[in-house]
Amino acid sequence: VMDASCACPACAGGYSRRYIRHLFQQGEILGLRLVTLHNLHVVLDIASRARTAITRGAWDEFYPAERARWAEF
């Protein structure tokens with residue numbers, strides 16, 4: 001699974017990184033679709049949580065925590 005904590009159709013569908021890599025190597029469009037679904041899910045999740053933080057007036061706590069989370073990658 002690409003990311004065990006992710007609920008996107010690609011990760012929840014049980015597609016492994018190895019299989020997605022295989023799809024890319026073979027030029028299969030499914031690989032691009034699965035990675036795009038995952039990336040959109042991640043970006044929309046961040047945007048949703050950012051909107052919630054802004055609405056609650058908690059942006060000053062959200063932003064550094066999110067930056068630190070992504071610094072791990």
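What counts and what doesn't
- Residues numbered from 1 in each chain as written.
- Predicted model: local features only at pLDDT ≥ 70, side-chain atom pairs only at ≥ 80, totals over all residues.
- Heavy atoms only, no water.
- Helix = DSSP H or I, 4+ residues; strand = E, 2+ residues; numbered from the N terminus.
- Rg over C-alpha atoms; globule rule 2.2 N^0.38 Å.
- Buried < 20%, exposed > 50% of the residue type's maximum accessible area, 1.4 Å probe, protein only.
- Contact = heavy atoms within 4.5 Å.
- Phe/Tyr/Trp six-rings, centres within 6.5 Å; stacked < 30°, edge-to-face > 60°.

Now for the overall build of the protein. Secondary structure summary: the protein contains four helices and zero strands in total. Listed by position from the N terminus, the elements making up the protein come as α-α-α-α. The C-alpha atoms of the protein give 15 Å as radius of gyration, which overshoots the globular expectation for 73 residues (11 Å, by more than 25%). Projected onto the principal axes, the alpha-carbon positions of the protein cover approximately 45 × 20 × 20 Å. Put simply, the protein has 73 residues, and 22% of those count as buried. Across the protein, the fraction of contacts at a sequence separation of at least 24, relative to all contacts at a separation of at least 6, is 30%.

Okay, the packing of aromatic side chains next. Note on aromatic pairs: each is described by the distance of the centres and the angle between the planes. Enumeration over the complete set of coordinates arrives at three aromatic pairs. With 6.0 Å between their ring centres and 15° between their planes, Tyr 15 and Tyr 19 make a pair best called stacked. Joined through ring pairs, the aromatic side chains of Trp 59, Phe 62 and Tyr 63 make up one cluster.

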